[in-house]
Amino acid sequence: SDSAPASVPQPCRGRSSPAPSCTRVGFTGGGMVQRRVDALLCSREDAKSKVEAVVDGIQIQADQAQAAVEEGMNRILKLLEERKQALLVQVADTAQCKAQSLQKQLAAIEAGTAKPAAPEDPDAAVDPNTFLLCTDEVLLFTSKLEELEGHIRSFGSVLESSTYASYSVARGPAVDEAMKKEVPSFVWVYANDLNQVQRKEGGETVAFNFSSPEDFEFSVEDMADGRYKVNVLPKAQGDFSLRIGIGPQGEEIMGSPFSLSVLPPPNYTKIGVDRLGGASKPWVGEPLCHPSGLCFDRTGRYVVIADQSNDRLQVFDASSSTPESICAFGRKGQKAGEFDTPGYVAIDREDRVFVSDILNHRIQVLSFNPKSKSLWPIRTFGGKGRGFGEFQFPRGLAFTENGNLIVCDHGNGRVQLFDMNNGFKFVRCLEAPEPLAPLDVALNRDGEILVSDQTNRIHVFDSQGLYSRSFGKKGTKDGMFNYPVSISVDDMNMLFVCDQGNRRMQILNAADGAFIHKWGGWKRQAEGEGGDEGEEGASPPASPEPPDPDAGDEWVGLHRPAGVAVNSQGQILVSDWKRHYIFKY
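Residues numbered from 1 in each chain as written. Predicted model: local features only at pLDDT ≥ 70, side-chain atom pairs only at ≥ 80, totals over all residues. Heavy atoms only, no water.

Undergrad: Which residues make up the overall build of the protein chain, and what are the values?
TA: What the protein chain contains, in helices and strands, is three helices and 34 strands. When each of the 585 residues of the protein chain is scored for burial, the buried share is 46%. Expressed as a percentage of contacts within the protein chain between residues at least 6 apart in sequence, the contacts between residues at least 24 apart total 53%. When the accessible surface of the protein chain is summed, it comes to about 30100 Å², and 51% of that surface belongs to carbon and sulfur atoms. (Helix = DSSP H or I, 4+ residues; strand = E, 2+ residues; numbered from the N terminus. Buried < 20%, exposed > 50% of the residue type's maximum accessible area, 1.4 Å probe, protein only. Contact = heavy atoms within 4.5 Å. Areas by Shrake-Rupley, 256 points an atom, 1.4 Å probe, with all protein chains shown as cover.)

Spelled out as structure tokens, the structure:
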């Protein structure tokens, strides 16, 4: 990522959409682009000359900045003077107009042609000798001086940092995962400075170049905080590349060019229907004990599993047909890196692993390094209690697009949001028209927050956290649930539900809750028994924790789904808490 780019990204052509005026897309020109950071690299031998050159450059920039300050202030003074003269003219014109109107009315009164004033009492007769003057003496100047003073005092700023392409990065499903044809995706471009800290201002020139520009539509949003969101719509299947440049010369950012993969949309109705084949065979068995939540990393290759009764996390390579644990971390306890019934897992785009440590009533944050295949603890937060930032039996976790962590605070009957960019400061609780018993949470493609609830409902909140609607109820029919313990939304906006009490998985449309597909395990008929082999078992009776009928060796396939994870390659992993398996579809 630190090698010099081959050339400046050229203007994107074809089906590209225009970006807002604050962000230019593409450049003209070509040739080699010198990395800005290279000018600051030095050895012991040339350090003095480099420092002297930078100091000289600082003085040149300071002189230019001072000149810009003078020019800006003089322009403001000129505008203020122009506004002053315009207001003085307006005052004189208004005074003259009012005086002329009064003189004109006076002449009419003296000539007996003026219209008398209407009486205040509508039933009274008009007095022909009473008149209402057409205007008064009021002529005032008003101004929003306090507001103007605030603007003047905050006018302009002196910046001592700028964007360095070598340290700017791109993150998002369009570059980290496989896209689907005709399905919208996106990527975030983060403009970082020399210290690899995200800039706080927008307005950068950002360039995009697809290897096959006619096969993509895109648009760019400048978030005015150092982030640029690129919305991408692939129009064709295949493998492509994307070059991203930033700055006036179009220097390519870290990791550019990026490999893009566009796959056909999946056929959901075929998932889990092969009862004579792999659908009944576990992908991972031992050494798991009551596996619960699981989540893919941002690349979709590695999956982190909450190995619940072993009080640890395990990491597997999802690309392997014969998976083995590449990392196991944790033990029973209350210290950092120790767990007491780890439940749900969520991984952000910085490879931070968030785990709900259920019986320790806290959230643990770890870092996963895919190169060294290792996990290590970063921090914990929370603790048992009812106050904001405290939990009782925390469950599902998810992230919003603006950097909030969502926590299903199951024992307190609430869903809490925390600002990950501000030390996990409490933001708010989601409020619904009925009491909550939240189990898990996920976001759909519109940014809406979906919360599965112990009352066998899926509650939907908008991107601002306001309640919108609910769907589902207790039952065994399509679209009904019996303890929807875990949920996940894929890049096709399909909602996967671990319908644990019904011993099945359901797929619904994450936008409206419409039923799409279902599958699960089944009880093998004993020899001589009637009925159709493969009939799905009956739903157990309702309870806060669904009962676990022991089917022994007669049960085939998925029995007690506890967690689900889906990646962009179409891989679906489901943990089976009862059978200690991970099934792969």
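Undergrad: Explain the packing of aromatic side chains to me, using residue names and the numbers behind them.
TA: The full count for this structure, using the stated rule, is 19 aromatic pairs. Relative to Phe 426, the ring of Phe 418 has its centre 6.1 Å away and its plane inclined at 70°; by these criteria the two rings are edge-to-face. Take Phe 418: its relative accessible area is 1%, and that puts it in the buried class. When the ring of Tyr 581 is compared with that of Phe 583, the centres are 5.9 Å apart and the planes differ by 80°; the resulting orientation is edge-to-face. Taking the relative accessible area as the measure of exposure, Tyr 581 reaches 24% and is therefore partly exposed. With a relative accessible area of 0%, Phe 583 lands in the buried category. Directly above the ring of Phe 186 sits Lys 229, whose terminal nitrogen or CZ lies 4.9 Å from the centroid. (Phe/Tyr/Trp six-rings, centres within 6.5 Å; stacked < 30°, edge-to-face > 60°. Lys NZ or Arg CZ within 6 Å of the ring centre and 35° of its normal.)

Undergrad: So what's going on with the confidence of the model for the protein chain? Which residues, and what values?
TA: Averaged over every residue, the pLDDT of the protein chain is 88; the share at 70 or more is 88%. The low-confidence segment residues 530-552 (pLDDT under 50) makes 44 contacts with residues lying over four places distant or belonging to another chain. (pLDDT = per-residue confidence, 0-100.)

Undergrad: Which residues make up a nonpolar patch on the surface, and what values do they have?
TA: Residues Leu 77, Leu 80, Leu 145, Leu 148 and Ile 152 make up a contiguous nonpolar surface patch of roughly 460 Å² in combined accessible area. With three residues, helix α2 (residues 145-153) is the largest single contributor of residues to the nonpolar patch. The residue Leu 80 is located in helix α1 (residues 47-111) in this model. For Leu 80, a relative accessible area of 42% puts it in the partly exposed group. (Patch = residues over 30% accessible without salt bridge, like charges linked within 9 Å, V, L, I, M, F, W, Y side chains within 5 Å. Salt bridge = Lys/Arg side-chain N within 4 Å of Asp/Glu carboxyl O.)

Undergrad: Give me the lowdown on the sheet that holds strand β34 (residues 581-584), citing residues and values where you can.
TA: Strand order in this open sheet of three strands is β32-β33-β34, and the pairing throughout is antiparallel. The open sheet has two edge strands, β32 (561-566) and β34, and neither has a second partner. Shown here is a sheet whose adjacent strand axes are inclined to one another by a mean of 20°, direction ignored. Across four bridges, strand β33 (residues 572-576) lies against β34 in antiparallel orientation. Across the sheet, residue Asp 576 finds its bridge partner in β34, namely Tyr 581. (Pairing = 2+ DSSP bridges. Axes fitted to C-alpha atoms, helices over the stretch in contact; angles between N-to-C directions.)

Undergrad: Before we move on, can you summarise α1 with the specific residues and values?
TA: Compared with an ideal rise of 1.5 Å per residue, which puts 65 residues at 96 Å, α1 spans 95 Å between its outermost C-alpha atoms and is within 8% of the ideal. Inspection of α1 places Lys 98, Gln 105 and Ala 108 among the buried residues, and these make up the whole buried set. Two residues or fewer after α1 comes Gly 112, characterised by a positive phi angle close to 75°. (Expected span 1.5 Å × (residues − 1).)

Undergrad: Go over the side chain of Asp 193 with me, naming the residues and quoting the values.
TA: Following the sequence through the fold, Asp 193 ends up in the loop between β3 (185-190) and β4 (206-210). Filtering out sequence-adjacent residues up to four positions away, Asp 193 remains in contact with Ser 161, Ser 162, Tyr 164, Tyr 167 and Arg 199.

Undergrad: Let's hear about the side chain of Asp 409: which residues, and what values?
TA: Note that Asp 409 resides in strand β19 (residues 404-409). Under the relative-accessibility criterion, Asp 409 is labelled buried at 0%. Those residues in contact with Asp 409 that lie beyond four places of it in its chain are Glu 390, Phe 391, Gln 392, Arg 414, Gln 416 and Pro 438.

Undergrad: Tell me about the nonpolar core, residues and numbers included.
TA: Within soluble globular proteins, side chains that are nonpolar tend to cluster in buried spots. In this structure, Phe 208, Phe 216, Ile 244 and Leu 260 are the most contacted members of the largest nonpolar core, which totals 25 residues. At the level of elements, α3 (173-176), β3, β4, β5 (216-222), β6 (227-234), β7 (238-246) and β9 (258-263) are the ones that each hand at least two residues to this core. Top contributing element to this core by residue count: β7, with four residues. (Core = buried A, V, L, I, M, F, W, Y, C linked by side-chain atoms within 4.5 Å.)

Undergrad: An account of unusual backbone geometry is requested, with residue identities and associated values reported.
TA: The general pattern is negative phi for most residues beyond glycine and trans for most peptide bonds. Residue Pro 257 is reached from Ser 256 by a cis peptide bond, and omega for that bond is 5°. Along the chain, the position of Pro 257 falls in the loop between β8 (251-252) and β9. Even without being glycine, His 290 reaches a positive phi, approximately 55°. Note on placement: His 290 falls in the loop between β9 and β10 (291-296). Phi at Asn 493 is positive, roughly 65°, even though this residue is not glycine. Within the element layout of this structure, Asn 493 appears in the loop between β26 (484-489) and β27 (494-499). Residue classification places Asn 493 among the buried residues on the basis of a relative accessible area of 12%.

Undergrad: Report on the pattern of salt bridges, specifying residues and quantitative values.
TA: A pair can form between side chains of opposite charge whenever their charged atoms are brought close. A full pass over the atoms with the stated rule returns 25 salt bridges. The partner of Asp 38 in a salt bridge is Arg 35, with the nearest N and O atoms 2.6 Å apart. Assessed through its relative accessible area of 23%, Asp 38 is described here as partly exposed. For Arg 35, a relative accessible area of 9% gives the class buried. As a salt-bridge pair, Arg 243 and Glu 252 come within 3.2 Å of each other at their nearest N and O atoms. Residues Arg 243 and Glu 252 agree in their burial class; the two are buried. Salt bridges sharing common partners tie together Asp 176, Glu 177, Arg 298, Arg 349 and Asp 351.

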